[in-house]
Amino acid sequence: MRRTDALIVGGGPAGAATAITLAAAGRPPLLIERAATPRPVVCGGFLGGDALAALAALGIDAPALGARPIHRLRIVAGGHMVERRLPFAAAGLSRATLDAALRDRALALGAIVETGRAARAIEDRPEGGAIVRLDDGSAIAAPAVFLATGKHDLRGSPRPRPAPGADPAVGLRTVLPADPDLAGRIELHLFDRGYAGLLVQEDGSVNLCLSVARSRLAEADGNPARLIAALAAASPRFAARIGGAAATGEAWQAIAAVPYGWQQPLGAEEALYRVGDQAAVIASLAGDGIAIALASGAIAARAFLAGQSPADHARALAARTGRPIAIAGAIRRLAEGPHRALLLRAAALPGAAALAARLTRVGH
Ligand SMILES: Cc1cc2nc3c(=O)[nH]c(=O)nc-3n(C[C@H](O)[C@H](O)[C@H](O)COP(=O)(O)OP(=O)(O)OC[C@H]3O[C@@H](n4cnc5c(N)ncnc54)[C@H](O)[C@@H]3O)c2cc1C
């Protein structure tokens, strides 16, 4: 069986940040990534101040990748709208470009990055670490395994399924044509049981991303274009923003049952260093998921280098993610519930955006 010192499963922001940090410290890991080439994924593409700082610390210059600067936040709910300057510099960048840059950086520092290789299952090893079994029938054993499969679970390490009767969120994403009115802003449209976020990405096109309760998508027969049409019929501002674009048959990416608020349970003797969404899933509305993924990857790598066990790392990370996840969850409940206009009133208060950013910060 193939053996390696440190194995990272998943090459999104969390896995790549882990690989970069380990390689930069002279302990280049092996990273396996399911996708053969970086491709569009369900994500709003919003990089907040913490994400940009974490990227810079990893040696990634987001503006040089074409990330479009964002200075303002506009929130729309029904007939109400509020717009505020963001308390930090932010940017819009597609995940395909970001993920490619992160993996290239890991490679340049000496990490082995094998793409088009999917893990199928993970088994604990009695002597510590784990064995990862791949789809092609091969297996890799390592004393340190970093689980960075993000939104996807592996056999042997699943997160709990939604409870019967639950109404979990579905993530949806597509691309719309350029829209000069969105330059420099992120725009959020809040609606019953979900929200849509729009921003300009590096090629000038618009990233449209939605998080919506499964029940709400079901009311549109499970069809994203029909959902967009229903939202446009209920909101003239949303209709004006998307025009007829969403009905043009552009491809949609989708992810089912996003486990917002999930955190790795503590206490059990954990064999894996979990990073990114595999450690904690913050409500996407807060725009902090990539920042947490990057920070957790760097933190896990440093924990491993310092000889800390996965369980120690899990406790230290949970101490940093607990409050941001709880606060982002509360904001999400307000934004998607019947009193969402209250969120607009709160957002209009001076200092509100800075406070929200501070309270949802994990730090790196
Ligand atoms: C609707 C929505 C919108 C969002 N918008 C934003 C936003 O605008 N800004 C923000 O900061 N955050 C946003 N987030 C959150 C953000 O997308 C995640 O927090 C972030 O992607 C987590 O990074 P990760 O590396 O843990 O996982 P992922 O980004 O999911 O990456 C996991 C990687 O692992 C690979 N992989 C999966 N399974 C396997 C396997 N079996 N074997 C090998 N490789 C595998 C995948 O191909 C992928 O490359 C959003 C989330 C949702 C649901």
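The name given to the protein chain in an unreviewed UniProt entry is FAD-binding domain-containing protein, with the source organism recorded as Edaphosphingomonas haloaromaticamans.

When helices and strands are counted, the protein chain shows 10 helices and 17 strands. Against the compact-globule benchmark of 21 Å for 364 residues, the protein chain has a radius of gyration of 20 Å, which places it among compact chains. Projecting the C-alpha coordinates of the protein chain onto the three principal axes gives extents of approximately 60 × 45 × 35 Å. Buried positions account for 54% of the 364 residues belonging to the protein chain. In the protein chain, 70% of the contacts between residues at least 6 apart in sequence involve partners at least 24 apart.

A few words on unusual backbone geometry. Phi is positive for Asp-221, close to 60 degrees, though the residue is something other than glycine. Looking at where Asp-221 falls in the secondary structure, it is placed in the loop between helix 4 (214-219) and helix 5 (224-234). At Ala-257, a residue that is not glycine, the phi angle is positive and equals roughly 50 degrees. In this fold, Ala-257 is placed in strand 16 (residues 253-258).

Here the focus is the packing of helix 7 (residues 289-305) against helix 8 (residues 310-336). At a minimum axis separation of 10 Å, helix 7 and helix 8 run at an interaxial angle of 150 degrees. Compared by their axis directions, helix 7 and helix 8 come out roughly antiparallel. Relative to helix 8, helix 7 is oriented so that their crossing is right-handed. Taken together, the residues of helix 8 that come into contact with helix 7 (itself represented by Ile-292, Ser-296, Ile-299, Ala-300 and Ala-303) are His-313, Leu-317, Arg-320 and Thr-321.

This next bit is on the pattern of salt bridges. Inspection of the entire model under this criterion finds 23 salt bridges. A salt bridge links Arg-72 to Glu-83; its shortest N-O distance comes to 2.7 Å. Taken as a pair, Arg-72 in strand 5 (residues 68-77) and Glu-83 in strand 6 (residues 80-92) lie far apart in primary sequence, 11 residues in all. Look at Arg-72 and you get partly exposed, because its relative accessible area is 31%. Taking the relative accessible area as the measure of exposure, Glu-83 reaches 18% and is therefore buried. The structure contains a network of salt bridges with shared partners spanning Arg-72, Arg-74, Glu-83, Asp-179, Asp-181, Arg-185, Glu-187 and Arg-241.

Let us look at the nonpolar core. Of all hydrophobic cores here, the largest spans 40 residues; its most connected members are Leu-47, Leu-55, Leu-102, Phe-146 and Leu-294. Those elements giving two or more residues to this core turn out to be strand 2 (6-9), helix 1 (13-24), helix 2 (49-57), helix 3 (95-108), strand 11 (144-147) and helix 7. In contact with Leu-102, other than residues within four places in its own chain, are Pro-13, Ala-16, Ile-20, Leu-55, Leu-58, Ile-60 and Leu-294. Counting residues in hydrophobic clusters, the runner-up holds 20 residues, among them Leu-182, Val-200, Leu-217 and Leu-231.

Attention now goes to empty space enclosed by the protein. For the structure shown, the criterion picks out three cavities of 30 Å³ or more. Considering only enclosed or pocket space, the second largest cavity measures out at about 50 Å³ in volume. Every residue lining the second largest cavity is listed: Gln-263, Gln-264, Ala-279, Ala-280, Ala-314, Leu-317, Ala-318 and Thr-321. Across the lining of the second largest cavity, the residue classes tally to five nonpolar, three polar and no charged.

Moving on, we get to the state of the cysteines. Taken as a whole, this structure holds zero disulfides when the rule is applied. With no disulfide of its own, Cys-209 has Cys-43 as its nearest cysteine by sulfur position, at a separation of 6.4 Å.

Before going further, it helps to examine the site of the ligand. Close to the ligand lie 39 residues; Glu-33, Gly-44, Arg-95, Asp-277 and Ile-290 are nearest. The separation between an oxygen atom of the ligand and a polar main-chain atom of Pro-13 is 3.3 Å. Considering the ligand on its own, with 1000 Å² of exposed area, one finds that the protein chains cover 96% of that surface. By residue number, the principal contributor to the shell around the ligand is helix 7, which donates three residues. Tallied by class, residues from the shell around the ligand come to 17 nonpolar, 13 polar and nine charged.

Residues spaced three or four apart along an α-helix face the same direction, because each turn holds 3.6 residues. Look at helix 3: 20 Å from first C-alpha to last across 14 residues, which is about the 20 Å you get at 1.5 Å a residue. Among all positions of helix 3, only Arg-95, Leu-98, Asp-99, Ala-101, Leu-102, Arg-103 and Ala-106 are buried. Two residues or fewer past helix 3, Gly-110 is found with a positive phi of approximately 110 degrees.

Enumeration over the complete set of coordinates arrives at three aromatic pairs. Aromatic side chains Phe-146 and Tyr-273 sit 4.8 Å apart centroid to centroid with 20 degrees between the ring planes, which places their arrangement in the stacked category. With Phe-146 in strand 11 and Tyr-273 in strand 17 (residues 272-274), this pair connects stretches of sequence that are 127 residues apart. In this pair, the class of Phe-146 matches that of Tyr-273, namely buried. A centroid spacing of 6.1 Å and a plane angle of 80 degrees characterise the contact between Tyr-273 and Phe-304, whose relative ring orientation is edge-to-face. Pair noted here: Tyr-273 is in strand 17 and Phe-304 is in helix 7, with a separation of 31 residues, a long-range link. Here the aromatic residues Phe-146, Tyr-273 and Phe-304 are joined through ring pairs into a cluster of three or more.

All right, on to the packing of helix 1 against helix 7 then. Helix packing for two helices is described by the angle between their axes and how far apart those axes are. The geometry of helix 1 relative to helix 7 is characterised by a closest axis approach of 7 Å and an angle of 35 degrees between their N-to-C directions. In this structure, helix 1 meets helix 7 at a crossing whose hand is right-handed. The segment helix 1 lies against helix 7, with Pro-13, Ala-14, Ala-17, Thr-18, Thr-21 and Leu-22 engaging Ile-290, Ala-293, Leu-294, Ser-296, Gly-297, Ala-298, Ala-301, Arg-302, Phe-304 and Leu-305. Looking at the contact of helix 1 with helix 7, its residues break down into 11 nonpolar, four polar and one charged.

About the criteria used
Residues numbered from 1 in each chain as written. Predicted model: local features only at pLDDT ≥ 70, side-chain atom pairs only at ≥ 80, totals over all residues. Heavy atoms only, no water. Helix = DSSP H or I, 4+ residues; strand = E, 2+ residues; numbered from the N terminus. Rg over C-alpha atoms; globule rule 2.2 N^0.38 Å. Buried < 20%, exposed > 50% of the residue type's maximum accessible area, 1.4 Å probe, protein only. Contact = heavy atoms within 4.5 Å. Axes fitted to C-alpha atoms, helices over the stretch in contact; angles between N-to-C directions. Parallel < 35°, antiparallel > 145°, perpendicular 65-115°, else oblique. Left-handed = near helix turned anticlockwise from the far one by under 90°. Salt bridge = Lys/Arg side-chain N within 4 Å of Asp/Glu carboxyl O. Core = buried A, V, L, I, M, F, W, Y, C linked by side-chain atoms within 4.5 Å. 1 Å grid on protein atoms, 1.4 Å probe; cavity = no way out; pocket = protein on both sides within 12 Å on 5 of 7 lines; lining within 4 Å. Points joined across faces, edges and corners; volume = space filled by probe spheres on them. Nonpolar A, V, L, I, M, F, W, Y, C, P; charged D, E, K, R; others polar. Disulfide = S-S within 2.5 Å. Near = heavy atom within 4 Å. Polar contact = N/O pair within 3.5 Å; in protein donor to acceptor, adjacent residues only side chain to side chain. Areas by Shrake-Rupley, 256 points an atom, 1.4 Å probe, with all protein chains shown as cover. Expected span 1.5 Å × (residues − 1). Phe/Tyr/Trp six-rings, centres within 6.5 Å; stacked < 30°, edge-to-face > 60°.

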